[in-house]
Amino acid sequence: MELNAADEQTAVVSALCAGLLGSVNESLGAPMAPAWEAAIRGVPRHVFLPGTVWTGDDLVECSRETDPEDWLRHAYADTAVVTQINDGRAVEEDGRWASCSASAPSIVFRMLDLLDVRAGHRVLEIGTGTGWNAALLAHRLGPGRVTTIEVDPALAARATASLEGAGLGARVIQGDGARGHAADGPYDRVIATCSVRTVPPAWIAQTRPGGVVLVPWDSPWFCYGLLRLTVDGYGGASGFFSPHSAFMLLRGQRTDLRIYRDVVDDDHVPVESTTRLSPGAVAGEDWSAQFAIGLQLPHVWRTWHDDPDVEGVASRLWLAGTDATSWAAVDLDGRTGDHFTVWEHGPRRLWEAVEAAYGWWREAGRPGPERFGMTVTPDGAHVPWLDTPDSPVPVLL
Ligand SMILES: C[S@@+](CC[C@H](N)C(=O)[O-])C[C@H]1O[C@@H](n2cnc3c(N)ncnc32)[C@H](O)[C@@H]1O
């Protein structure tokens, strides 16, 4: 029997889907549920990607037209693929930042697993992006069960077309997902695929009692952790974090703070001191430390400045309050010294607060994100805790 071009294409996609399934299962450490396996095979990922995508840390452009094989390889790799840069505006090559991506498939399925959807559930997704996650959910739950909201009009239009083409009966709403979409609720599950620093009240209000709200967490210090809240039916919700994930922030919660433009003035005279705590310990490889500091200091922002053109300084860690009134800088000289120079300015001593937050985390036994939880009260307060809701985490600034 001879294969025609369409058969060959089907065979190629089927082999690619099988390969992706294998990579995701390996990353998750166990085979995914049969219903999700059917979804990954039934909803080919490449159908939801635009003709131009950007990959890797340097956001290298890849076009289906000029390099179809590479484009298809990216579509079926277990990695995030950026599908929009700079909110769709034209940019210079070195000014690119990701404003939409199709998340890495293993993260997508980890979140779907945590979401724990059941037959008959209604689901609201915030952050339609390409529409692939909504399509997977609709494949599993059937038509009329999935509503998804996308703030960006061009992305919403593209995802609507892709989802209509797939014929799965998922509904795309273009608008600000922070408001939810009460008309299709109440929902059994709400899933955000963009991160938040506070959970918008509409997501809790539009979820039935006992339902779940799953959100990637962000703090100005560090974007990390998935928060799975169970809604209590009295206007509040509570639940544990789990590790992983770095998602783009919900538009509306984005801050655009820049150290020299907004925070540091030429006439500031900072106070100089020294510390024994390395800035690398609080803003380096230890993600658990960073996550815990972010929970305790929800209004402190940080950024590294490498090679700051200061004699003897290899890197400088800058901290600033998100109100831009106080700042601090801590210098690394590139050697493994045990004293570091600190500069602080403004009404609050930010480095002192970071030392206290790090000290609390170390004394608590260096817990990872999975030991932390969060309660959102009916009046919108966010109360982090360790192990149990009656053991609050100190919030310092
Ligand atoms: C990581 S992408 C989502 C990936 C998507 N679920 C998929 O399957 O391709 C995050 C998306 O959230 C969207 N977004 C950001 N802020 C939003 C908001 N306030 N309301 C709705 N969507 C938002 C972004 O435009 C972006 O498309």
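Colleague: Would you mind going over the overall build of the protein chain in detail, with residue names and values included?
Modeller: Regarding its fold elements, the protein chain presents eleven helices and 18 strands. The C-alpha atoms of the protein chain give 23 Å as radius of gyration, which agrees with the globular expectation for 397 residues (21 Å, within 12%). Seen through its principal axes, the protein chain has C-alpha atoms that stretch 80 × 55 × 35 Å. Expressed as a percentage of the 397 residues in the protein chain, the buried residues total 40%.

Colleague: Give me the environment of aspartate 387: which residues, what numbers.
Modeller: On the secondary structure map, aspartate 387 appears in the segment after strand S18 (382–386). Between the C-alpha atoms of aspartate 387 and valine 53, which are 334 residues apart in sequence, the distance is 41 Å.

Colleague: Tell me what's going on with the site of the ligand, and back it up with residues and numbers.
Modeller: Lining the immediate environment of the ligand, one finds 25 residues, of which Gly127, Gly129, Thr130, Asn133 and Gly177 sit closest. Where the shell around the ligand is concerned, the elements lending two or more residues are strand S4 (98–102), helix H5 (132–141) and strand S6 (146–150). The element best represented in the shell around the ligand is S4, accounting for three residues. For the shell around the ligand, the class distribution of residues is twelve nonpolar, nine polar and four charged.

Colleague: Outline the sheet that holds strand S13 (residues 300–306), supporting the account with residue identities and numerical values.
Modeller: Strand order in this open sheet of five strands is S12-S16-S15-S14-S13, and the pairing throughout is antiparallel. On the outer flanks of this sheet lie strand S12 (271–275) and S13, each paired with one strand and no other. For this sheet, the mean inter-axis angle between neighbouring strands, taken without regard to orientation, is 20 degrees. Where strand S14 (residues 315–321) and strand S15 (residues 327–332) come together, six bridges link them in antiparallel fashion. If you follow arginine 316 over to S15, its bridge partner there is aspartate 331.

Colleague: Just give me the short version of the pairing of strand S7 (residues 171–174), but keep the residues and values in it.
Modeller: In the sheet, S6 pairs with S7 via four bridges, with the strands oriented parallel. When the sheet's bridge partners are listed, glutamate 150 is paired in S7 with glutamine 174. This β-α-β element, S6 to helix H6 (residues 153–166) to S7, shows right-handed connectivity.

Colleague: Please give an account of the nonpolar core that cites residues and values.
Modeller: If you look at the biggest cluster of nonpolar residues, it comprises 103 residues, and the most contacted ones within it are Ala135, Val213, Leu319 and Val354. Not counting the four nearest positions on each side in its chain, valine 354 is found in contact with Val282, Ile293, Leu297 and Leu319.

Colleague: Break down the sheet that holds S6 for me, with residues and values.
Modeller: Overall, mixed pairing links the nine strands, which are arranged S7-S6-S5-S8-S9-S10-S11-S17-S18 in an open sheet. The open sheet terminates on both sides in strands that have one partner only, identified here as S7 and S18. Pairwise comparison of adjacent strand axes, ignoring direction, gives a mean angle of 20 degrees for this sheet. The pairing of strand S5 (residues 123–126) with S6 spans four bridges and is classified as parallel.

Colleague: So what about unusual backbone geometry? Which residues, and what values?
Modeller: The omega angle of the peptide bond from glycine 185 to proline 186 is -5 degrees, so this bond is cis rather than trans. Topologically, proline 186 is positioned in the loop between S7 and strand S8 (187–192). Unlike most non-glycine residues, aspartate 116 shows phi in positive territory, near 55 degrees. Within the secondary structure, aspartate 116 sits in the loop between helix H4 (105–115) and S5. Its 12 C-beta neighbours within 10 Å are what place aspartate 116 among the exposed residues. With phi around 65 degrees, aspartate 309 is a residue other than glycine that occupies positive phi space. Position of aspartate 309 relative to the elements: it lies in the loop between S13 and S14.

Colleague: An account of the domain arrangement of the protein chain is requested, with residue identities and associated values reported.
Modeller: Taken domain by domain, the protein chain holds domain 1 (5–242) and domain 2 (259–363). One C-alpha centre belongs to domain 1, the other to domain 2, and the line joining them spans 35 Å. Across the contact, seven residues belong to domain 1 and 13 residues belong to domain 2. Within the side of domain 1 that touches domain 2, the residues separate by chemical class into four nonpolar, two polar and one charged.

Colleague: For the environment of aspartate 338, give the residues involved together with the corresponding values.
Modeller: With respect to the helices and strands, the residue aspartate 338 is situated in the loop between S15 and strand S16 (340–345). With 118 residues separating them in the primary sequence, aspartate 338 and proline 220 have C-alpha atoms 27 Å apart.

Colleague: Give me the lowdown on H6, citing residues and values where you can.
Modeller: The terminal C-alpha atoms of H6, which comprises 14 residues, lie 20 Å apart, in line with the 20 Å expected from a rise of 1.5 Å per residue. Here H6 has its buried residues at Leu155, Ala156, Arg158, Ala159, Ser162, Leu163 and Ala166. Taken down its axis, H6 places every buried residue within 165 degrees of arc, on the same side. The outward face of H6, more than 90 degrees from its buried face, is lined by the exposed residues Pro153, Ala161 and Gly165. Residues of H6 that are buried make contact with strand S3 (81–85), S4, H5, S6 and S7. Remark: glycine 167 follows H6 within two positions and exhibits a positive phi of approximately 65 degrees.

The rules behind the values
- Residues numbered from 1 in each chain as written.
- Predicted model: local features only at pLDDT ≥ 70, side-chain atom pairs only at ≥ 80, totals over all residues.
- Helix = DSSP H or I, 4+ residues; strand = E, 2+ residues; numbered from the N terminus.
- Rg over C-alpha atoms; globule rule 2.2 N^0.38 Å.
- Buried ≥ 20, exposed ≤ 12 C-beta atoms within 10 Å, placed from the backbone.
- Near = placed C-beta within 6 Å.
- Nonpolar A, V, L, I, M, F, W, Y, C, P; charged D, E, K, R; others polar.
- Pairing = 2+ DSSP bridges.
- Axes fitted to C-alpha atoms, helices over the stretch in contact; angles between N-to-C directions.
- Right-handed = clockwise from strand over helix to strand, strands pointing away.
- Core = buried A, V, L, I, M, F, W, Y, C linked by C-beta atoms within 7 Å.
- Contact = placed C-beta atoms within 7 Å.
- Domains from an automatic or database assignment.
- Expected span 1.5 Å × (residues − 1).
- Arc of directions from axis to C-beta.

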